[in-house]
Amino acid sequence: MPDRENRKGAAKAPFFPERLVTGVVRLCGAVSTFLILVIFVQITTAVIQRYVFNRPIQWSDEVIGYLLVAMVMLGTAEAFRRGDHISIDLVSTRLSPPIARIQRLFSNLSVIAFALILGVSIWDSITFAYSFGSYSVGYVEIETWIPQVPIVVGAILLGAMAALRLFATLRGERK
Amino acid sequence: MTLFLVFAGLIVLLLTGIPIFAALGLTASVILFLFEGDMDGTGDAVYTHLNKPILSTIPLFVFMAQVMIRAKVIDDLYDFAHTVIGHVKGGLGVATVLACTIFAAISGSSVATALSIGSSAIPQMKRFGYPEHNALGVVAAGGTLGILIPPSGPMILYAIVSEASIGALFLAGIVPGVLLALVFSVYCMVQARTHSNIDAPDWAGWARARAAFSRSIWALLAPPLVMGGIYFGVFTASEAAAAGSLYALFVAVVIYRGFGLRDLWECAYATMRTSMMVFMIIAGAAMFGHAITLIRLPVGVTEAVVNLGLSPLGFILVVMVLIFVLGMFLESIAIILITTPILLPTMLSLGIDPIWYGILLMINLELAMITPPVGMNLFVIKGITDAPLSRIVRGASPFVFLMLCGMAFLVAFPQIATWLPTAAGFGR
Amino acid sequence: ATEMRCSHQLPPAHHIAKVVDRWAEEVETLSDGEIDVQIFGADSLVGARENIVATAKGDIECAFSLNFQWGKTLPIMNVTVAPFAFGDIEIWEKWPESEAAAFLEDKLEEKGVKNVVWMFQTNSTVFTTNGEPLVAPEDFEGLKFRGLTPPFDAALRALGTTPTAMPGSEVYQALATGIVDAALTDVAAAVSRKYFEVQDAFTVVPVLSAYLHGYLNPEFYEGLSDKSKQALDEAGLKAAQWAVEASVAASAAGPDQLREKGVKVHIATDEEIARLESVMRPAFDEAFGANDADSQKLLDLIDKM
Ligand code: NA
Ligand code: NA
């Protein structure tokens, strides 16, 4: 691990996991952005189908629900990377630098813990639903575990991004 | 005691400055681990609460606002408002409250109202010299009108749980909603008079006003399109949001020109980032709500209130305090589902009108959105402005006081809510 | 006492929600307090769509579902949803102790939940619209109808309507604004969900027949004492009868409650029912395709009742 005097150079040096994770997170953020446009187009199409062709798209609402889950879970790590998730800053903005560093460590650890709990819990649900063979009720009869998969992906991305931040804080970087 | 420990734990965790979604989720996990020995069901709670088609209104209304902002359609709208009422001190604040009121009549959600108006209004208010915390507070509070002025998602939910009439509730919300909007407007003007640093240029003259009006016509046409679509049965709420976005794109590309694919992507990306912030708090709140429901915490507290054996007035006051406190931590859907079934029998036996109570409840749930530590509208404003939360809370606090006065007024004069539905023929 | 948390989706004032509460008290009484039943209604703990898996998995101990919520997970549970198929109340009175019920209970146990109570919910549904009540198949032509499930929508389409899917929570608003022109619901729900505020013509027809059933996590059930199991058996049989009584009362009171609100109510005659059935049933059967051996066996067992 590089020492503190070297940290500018260290930050520039290619750090493979960082590039990999950041790349994947940005890619998923782009997919999430794309899904917003998909939702927009799908709802617009559904309205047109209903009024112009008198043939409502019956499965539209169900698919919108699944797309929303995917959109949120694929985008959350990218939002975390950009620092969009809000926190209560009444205390944290008034800390001295060393304490602020501990605060950042704790904050990143808490996000890792959250991602871990969410990921493990939903993984349990997915494996159970898969073996149980449960299907959704309605116009799109798919196995119920399928639309839950994005939550696992999102939890892994979020956890990995927070781990990177944790590591960066340990190395002494400010951001 | 458990109640105290849970909420104290959540507050401490929130104050450490970790992301709010993580604080909610981790508090939930600790509760579940202590009471249940495992954390089953947290993932399912998140999935269930995100898998709701109606939530598509959030990104779509944000997207509509983003497109109108990027194409500078909103600038023209505010230039118009500023030209017409800018010479009145606090006029821009009034315009923002008015915009919130109109949007509240379009959408059934307070978050959507604060998001769409806030994204465009706050930068403009700052542009015209409004003190930042005032601008933030006006939008946070004005946005809450979304659930009091019909249509309203929480009202429909309350009506179904309580078996009150949805139509009567919608009507009952109109007068108190408009009155609150008026009170907010008056407050904005009074406040502006006491702060001399707010710009108030001279009246620009009719020619300027007409020119500003014709430039802003495309922005002014958006609310009637969206609202008319909902009222005349053309669209559901999420369809109206999509139609609004389509209209915004049309205006941006065809009328204002110069809006390319790159702008489209930038708008969608900005929408994604703002939506994520809201959706992840919904996810954390889902975990928290699941945990405290499972250990029957709100049920226990509510039952204790029922067993106090109070007079109708005493009962209403204690219940309103209870919901105010719950509202600091829980979101509105959870509060309605948890408290209403337990309170209803006592309420009916005391002869309390469920429509009147429903409106009091709605105002209290509006308050829940702007009281810390968990207030969705505070978070929304934070998400779109990056202002410190303390400043937003400070800006919103006068409105908390105004709403509490409004509730007291409604307790003293129930006719404010009950007159319109009674006149329209909804009776017992 | 052993905690038993039960989730269901009905609003607290629904006539069957009240039967669920009464069942919970009976279980507590009969088990001498060995079981502490906690009811979470109105989707407040677990959502309607998640109840089955959450119970089978053991996140909660017990839940109630409407039969059609089994969907493709256990298609045989849907045999009763065919239009006009199970309007006869006598079947439901005999149901809990019938071979047919035992057959379904086995199927549920194979799938991974232990059934403990059958609650017949309704055989008295209403077509709602504005103007004149929907009576003859021709009246339906061109209406936008709130859709229910794919096979049922096929039956609605056979009547010449355009089924439009939407969640239950949005139906009131959609009827108010005219996004849909007509809906099908049970009489009690037409009253409790205030459809009479936005629709003025109702036709009472025994088209849909739905039941709510309560089931436990199998491991949790196995862990109970014999006394507790006995209490669940007894309470289950009693509650089944209460549900039939409550449903009959709600169905009987519903039309009058609607009339009191000043809307037109038409009770379909046998001839009118036969005409609707002749259009709806073939379309439903073709879309549903209940021709596997198990479904046939269940239908035979029901015929024997
Ligand atoms: Na509204
Ligand atoms: Na709050």
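Computed from a predicted structure; not experimentally measured. (Residues numbered from 1 in each chain as written. Chains lettered and ligands numbered in written order. Predicted model: local features only at pLDDT ≥ 70, side-chain atom pairs only at ≥ 80, totals over all residues. Heavy atoms only, no water.)

Caption draft 1: Broad picture of the overall build of chain A. Along its length, chain A carries 5 helices and 0 strands. For chain A, the succession of helices and strands along the chain, N to C, is α-α-α-α-α. Counting over 175 residues, chain A shows a buried share of 53%. In chain A, once contacts between residues fewer than 6 apart in sequence are set aside, the share between residues at least 24 apart is 76%. (Helix = DSSP H or I, 4+ residues; strand = E, 2+ residues; numbered from the N terminus. Buried < 20%, exposed > 50% of the residue type's maximum accessible area, 1.4 Å probe, protein only. Contact = heavy atoms within 4.5 Å.)

Caption draft 2: Geometry of the packing of aromatic side chains. Counted by the stated rule, this structure contains 22 aromatic pairs over all chains. Ring centres of W92 of chain C and Y211 of chain C lie 5.6 Å apart, and the angle between their planes is 50°; this geometry places the pair in the tilted category. Placement of W92 of chain C in helix α3 (residues 89–94) and of Y211 of chain C in strand β10 (residues 210–216) is noted, with a sequence separation of 119 residues between them. What makes W92 of chain C buried here is its relative accessible area of 4%. Looking at R296 of chain B, its charged tip hangs above the ring of F40 of chain C, at a distance of 5.2 Å from the centre. Taking NZ or CZ as reference, K111 of chain C lies 5.2 Å from the ring centre of F132 of chain A, over its face. (Phe/Tyr/Trp six-rings, centres within 6.5 Å; stacked < 30°, edge-to-face > 60°. Lys NZ or Arg CZ within 6 Å of the ring centre and 35° of its normal.)

Caption draft 3: Region of interest: the interface of chain A and chain C. The interface of chain A with chain C comprises 16 residues on the first partner and 25 residues on the second. Surface buried jointly by chain A and chain C totals about 1900 Å² across both partners, of which 60% is contributed by carbon and sulfur atoms. Summed over the three residues of chain A that lose the most area to chain C, namely F132, V137 and Y139 of chain A, the buried surface amounts to 32% of that side. Our enumeration of links across chain A and chain C arrives at 0 salt bridges. Here chain A and chain C share 7 residue pairs in polar contact (both at pLDDT 80 or more) between them. Considered class by class, the residues forming the side of chain A that touches chain C number 6 nonpolar, 6 polar and 4 charged. (Buried area = accessible area lost by both parts, 1.4 Å probe. Salt bridge = Lys/Arg side-chain N within 4 Å of Asp/Glu carboxyl O. Polar contact = N/O pair within 3.5 Å; in protein donor to acceptor, adjacent residues only side chain to side chain. Nonpolar A, V, L, I, M, F, W, Y, C, P; charged D, E, K, R; others polar.)

Caption draft 4: Geometry of the side chain of D59 of chain C. Relative to the helices and strands, D59 of chain C is located in the loop between α2 (51–57) and β3 (62–66). For D59 of chain C, a relative accessible area of 13% gives the class buried. Looking at D59 of chain C, its side chain comes within polar contact range of the side chain of K57 of chain C, at 3.2 Å. Those residues in contact with D59 of chain C that lie beyond four places of it in its chain are D40, G41 and D44 of chain B together with R5 and A54 of chain C.

Caption draft 5: Layout of the pairing of strand β4 (residues 114–122) of chain C. Residue and element names in this part refer to chain C. The element β4 is extensively covered by neighbouring structure, given that 9 of its 9 residues are classed as buried. In the sheet, β4 pairs with β10 via 7 bridges, with the strands oriented antiparallel. Across the sheet, the residue bridging to W118 is H213, located in β10. (Pairing = 2+ DSSP bridges.)

Caption draft 6: Region of the structure containing the interface of chain B and chain A. Between chain B and chain A, the residue contacts involve 60 residues of the former and 55 residues of the latter. In total, about 5000 Å² of surface goes out of reach between chain B and chain A, with carbon and sulfur atoms giving 74% of it. On the chain B side of the interface with chain A, the three residues burying the most area are Y47, R273 and M276 of chain B, jointly 13% of the side's total. Counting every contact that joins chain B to chain A gives 2 salt bridges. Between R50 of chain A and E239 of chain B there is a salt bridge, and its shortest N-O distance comes to 2.8 Å. Seen at the junction of chain B and chain A, the total is 9 residue pairs in polar contact (both at pLDDT 80 or more). Among the elements of the structure, α1 (2–15), α2 (20–36), α3 (42–50), α4 (57–70), α13 (237–255), α14 (261–294), α19 (376–385) and α20 (389–412) of chain B are those that each provide at least two residues to the side of chain B that touches chain A. Tallying contributions element by element places α14 of chain B first for the side of chain B that touches chain A, with 14 residues. Within the side of chain B that touches chain A, the residues separate by chemical class into 38 nonpolar, 16 polar and 6 charged.

Caption draft 7: Molecular detail of the state of the cysteines. Residues and elements named next belong to chain B. In total, this model carries 1 disulfide over all chains according to the counting rule given. Residue C188 stays outside any disulfide, its sulfur separated by 9.7 Å from that of C100, the closest cysteine. Its relative accessible area of 1% is what places C188 among the buried residues. C405 forms no disulfide, and the closest cysteine sulfur to it belongs to C188, at a distance of 15 Å. (Disulfide = S-S within 2.5 Å.)

Caption draft 8: Structural context of the pairing of strand β2 (residues 35–40) of chain C. Residue and element names in this part refer to chain C. Across 6 bridges, the pairing between strand β1 (residues 2–7) and β2 is parallel. Note that in β2 the partner of R5 across the bridge is Q38. For the segment spanning β1, helix α1 (residues 15–30) and β2, crossover handedness is right-handed. (Right-handed = clockwise from strand over helix to strand, strands pointing away.)

Caption draft 9: Geometry of the side chain of K114 of chain C. Residues and elements named next belong to chain C. Relative to the helices and strands, K114 resides in strand β4. Buried within the structure, K114 lacks any salt-bridge partner; E109 is the closest side chain of opposite charge, at an N-O distance of 4.2 Å. With near-sequence residues (within four places) excluded, K114 lies in contact with E109, G214, Y215, L216, P218 and Y221. (Lys, Arg positive; Asp, Glu negative; His and termini not counted.)

Caption draft 10: Representation of the nonpolar core within the structure. The biggest cluster of nonpolar side chains holds 246 residues, and the ones touching the most others in it are F288 and Y357 of chain B. In terms of residues, this core owes the most to one element, α14 of chain B, which gives 18 residues. Ignoring anything within four residues of it in the chain, the contact list for F288 of chain B reads V6, F7, L10, L24, T27, A28, I31, F329 and L330 of chain B. If you look at the next biggest cluster of nonpolar residues, it comprises 29 residues, including I16, V20, V116 and W242 of chain C. (Core = buried A, V, L, I, M, F, W, Y, C linked by side-chain atoms within 4.5 Å.)

Caption draft 11: Highlighting the UniProt feature "transmembrane region" (unreviewed entry) in chain A. Residues and elements named next belong to chain A. Annotation from UniProt places "transmembrane region" (unreviewed entry) at residues 20–43, 63–80, 111–133 and 145–168. Between the C-alpha atoms that bound residues 63–80 there is a distance of 26 Å. The span itself is 100% helix and 0% strand. Annotation note: span residues 111–133, helix share 96%, strand share 0%, distance between end C-alpha atoms 32 Å. (UniProt positions renumbered as here; feature names shortened; annotations may be inferred.)

Caption draft 12: Representation of the sheet that holds β4 of chain C within the structure. Residues and elements named next belong to chain C. Reading across the sheet, the 5 strands line up as β2-β1-β3-β10-β4 and stay open at both edges, with mixed pairing between neighbours. Every interior strand has two partners, whereas the edge strands, β2 and β4, have only one. With direction set aside, neighbouring strand axes in the sheet form an average angle of 20°. Helix-sheet contacts for helix α4 (residues 99–111) involve β4 and β10, and the interaxial angle to β4 is about 125°. (Axes fitted to C-alpha atoms, helices over the stretch in contact; angles between N-to-C directions.)

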